[in-house]
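Next come the chains, spelled out residue by residue.
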Amino acid sequence: NAGVTQTPKFRILKIGQSMTLQCTQDMNHNYMYWYRQDPGMGLKLIYYSVGAGITDKGEVPNGYNVSRSTTEDFPLRLELAAPSQTSVYFCASSLTNTEAFFGQGTRLTVV
Amino acid sequence: ELKVEQNPLFLSMQEGKNYTIYCNYSTTSDRLYWYRQDPGKSLESLFVLLSNGAVKQEGRLMASLDTKARLSTLHITAAVHDLSATYFCAVDLNQGAQKLVFGQGTRLTINP
């Protein structure tokens, strides 16, 4: 059972480039989330989804987009990368009223 | 806006000692989660607290929730080096999906 899988693990982007962070889960969870974690801080919610075809903004959505075409996949798109998007990105999934399961994270540096 | 504050933010303690990490939050919620994060790693779920007065224990860790005081505690008993990590509390906004607001984390170092 793989749980939540994120790719890539590391990435360096130049300012203005775009990329997609991939996330897939095999637990048949209806809820999926994207968080970012800046150094020495807690996680902040970027976007979330309550099911296929349904997404909504979290606390810090600017500069990002998401889609949820299947239950399993929840990619995060960065358009026009900026240094402020340098962070560690975590994807997570959950059922209702249970703990969220987190992926291993993607460490992104924008230079 | 929900704010979640943990204290202390840094804690260095000796093996065998007891200590408590506090998590205060600013608005009504009866769902709170504790996670552990090792350096450079992902988050691991420790406890799920879903009602006022909930108490959960696992090994040397015990977590409790007082929704009236908007306070959760994570108590460490007879600390051992393996418990060194950063501990986060996260409060659910209670808006259907599990939209978590995290505290800043408590970096715990346990010295032999």
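Residue indices begin from 1 for each chain and proceed along its sequence in written order. Think of it this way: whatever chain is written first is A, whatever ligand is written first is 1, and the rest follow in order. Only residues with pLDDT of 70 or above have their local features reported here, since the model is predicted, and side-chain atom pairs are shown and tallied only from 80 upward, although totals for entire chains, interfaces and linings are computed over all residues. Note that water and hydrogens are dropped before the side-chain values are worked out from all heavy atoms of the structure.

Undergrad: Would you mind going over the overall build of chain B with me for this structure?
TA: Think of it this way: any DSSP run of H or I at least four residues long counts as a helix, any run of E at least two long counts as a strand, and we number them from the N terminus. Secondary structure assignment for chain B yields zero helices and eleven strands. Starting at the N terminus and ending at the C terminus, chain B contains elements arranged as β-β-β-β-β-β-β-β-β-β-β. Values of the radius of gyration come from C-alpha atoms, whereas the globule rule sets the reference at 2.2 Å times the count of residues to the power 0.38. Relative to the compact-globule value of 13 Å for 112 residues, chain B shows a C-alpha radius of gyration of 13 Å, a close match. The C-alpha extent of chain B, read off along each of the three principal axes, is 45 × 30 × 20 Å.

Undergrad: Could you clarify how one ought to interpret unusual backbone geometry in this entry?
TA: Excluding glycine, a negative phi dihedral is what most residues carry, and trans is how most peptide bonds are arranged. Cis geometry marks the peptide bond from Thr7 of chain A to Pro8 of chain A, where omega comes out at -5°. Within the secondary structure, Pro8 of chain A is located in the loop between β1 (4-7) and β2 (10-13). Even without being a glycine, Leu80 of chain A presents a positive backbone phi close to 55°. In this structure, Leu80 of chain A sits in the loop between β8 (76-78) and β9 (87-94). Judged by its relative accessible area of 64%, Leu80 of chain A falls in the exposed class. In this model, Arg70 of chain B sits at a positive phi of 55°, which is unusual for a non-glycine residue. Exposure is judged per residue with a 1.4 Å probe applied to protein chains only, and the accessible area is read against the type maximum: over 50% gives exposed, under 20% gives buried, and values in between give partly exposed.

Undergrad: Looking at this structure, how should I read the packing of aromatic side chains?
TA: Each aromatic ring pair is summarised here by two numbers: the centre-to-centre distance and the angle between the ring planes. In summary, the pairing rule links any two rings of Phe, Tyr or Trp, Trp by its six-membered ring, whose centres are within 6.5 Å, and it sorts them by plane angle into stacked for under 30 degrees, edge-to-face for over 60 and tilted for everything else. In this structure the tally under the stated criterion is nine aromatic pairs over all chains. Taken together, a centroid distance of 6.2 Å and an interplanar angle of 35° make the contact between Tyr33 of chain A and Tyr35 of chain A tilted. There is no split in this pair, since Tyr33 of chain A and Tyr35 of chain A are both buried. Among the aromatic residues, those joined into a cluster by ring pairs are Tyr33, Tyr35, Phe90 and Phe102 of chain A together with Tyr35, Phe88 and Phe102 of chain B.

Undergrad: Can you walk me through the interface of chain B and chain A in this structure?
TA: Here a residue-residue contact requires only that any non-hydrogen atoms of the pair lie within 4.5 Å. Of the residues lining the interface, 21 residues belong to chain B; the matching set on chain A comes to 24 residues. Here the quantity called buried area is the accessible surface, traced with a 1.4 Å probe, that two parts lose on coming together, added over both. Of the roughly 1,700 Å² buried at the junction of chain B and chain A (both faces included), carbon and sulfur atoms supply 54%. When the area that chain B buries against chain A is broken down by residue, the three leading residues are Ser42, Gln98 and Phe102 of chain B, summing to 28%. The salt bridge definition used is simple: a Lys or Arg side-chain nitrogen within 4 Å of an Asp or Glu carboxyl oxygen. Across the contact surface, chain B and chain A share zero salt bridges. Identification of polar contacts relies on pairs of N or O atoms within 3.5 Å, with a donor-acceptor requirement for protein atoms, meaning one able to donate a hydrogen and the other able to accept it, and with residues adjacent in sequence counted only if both atoms are side-chain atoms. If you look at where chain B meets chain A, you find four residue pairs in polar contact (both at pLDDT 80 or more).

Undergrad: What's the story with the nonpolar core in this structure? I'm lost.
TA: For soluble globular proteins, nonpolar side chains are generally found buried alongside one another. In these notes, a set of buried Ala, Val, Leu, Ile, Met, Phe, Trp, Tyr and Cys residues joined through side-chain atoms within 4.5 Å is what counts as a nonpolar core. Within the largest apolar cluster, 26 residues are counted, with the highest numbers of intra-cluster contacts made by Val4, Leu32, Trp34, Leu74 and Tyr87 of chain B. Breaking this core down by element, the ones donating at least two residues are β2 (10-14), β3 (19-25), β4 (32-37), β5 (43-49), β7 (61-66), β8 (71-76), β9 (85-92) and β11 (106-111) of chain B. Ranked by residue count, the leading element in this core is β9 of chain B, at four residues. Those residues in contact with Tyr87 of chain B, other than ones at most four positions away along the chain, are Gln6, Ile21, Tyr35, Arg36, Leu46, Leu61, Leu74, Gly105, Thr106 and Leu108 of chain B. Core analysis: the second largest hydrophobic core is formed by 20 residues, Ala92 of chain A together with Val48, Ala90 and Phe102 of chain B among them.

Undergrad: Which parts of the structure should I look at to understand the state of the cysteines?
TA: Defined simply, a disulfide is a covalent bond joining two cysteines at their sulfur atoms. All names here are of chain A. The disulfide criterion used throughout: a pair of cysteine sulfur atoms within 2.5 Å. The tally for this structure, following the rule as stated, stands at two disulfides over all chains. Sulfur-sulfur distance for the disulfide between Cys23 and Cys91 comes to 1.8 Å. Because the torsion about its S-S bond is -70°, the bridge between Cys23 and Cys91 counts as left-handed. Pair noted here: Cys23 is in strand β3 (residues 19-25) and Cys91 is in strand β9, with a separation of 68 residues, a long-range link.

Undergrad: Looking at this structure, I do not really get the environment of Thr55 of chain A. What am I missing?
TA: Residue and element names in this part refer to chain A. Turning to its location among the elements, Thr55 is positioned in strand β6 (residues 54-57). Assessed through its relative accessible area of 35%, Thr55 is described here as partly exposed. Separated by 23 residues in the primary sequence, Thr55 and Met32 place their C-alpha atoms 9.2 Å from one another. Apart from residues lying up to four places away in sequence, Thr55 is in contact with Tyr48, Ser49, Val66, Ser67, Arg68 and Phe74.

Undergrad: I would appreciate a short explanation of the side chain of Gln6 of chain A in the present structure.
TA: Residues and elements named next belong to chain A. Here Gln6 lies in strand β1. The class for Gln6 is buried, based on a relative accessible area of 5%. Within polar-contact distance, the side chain of Gln6 engages the backbone nitrogen of Cys91 at 2.9 Å. Beyond its immediate stretch of four places on either side in the chain, Gln6 contacts Gln22, Trp34, Tyr89, Phe90, Cys91, Gly103, Gln104, Gly105 and Thr106.

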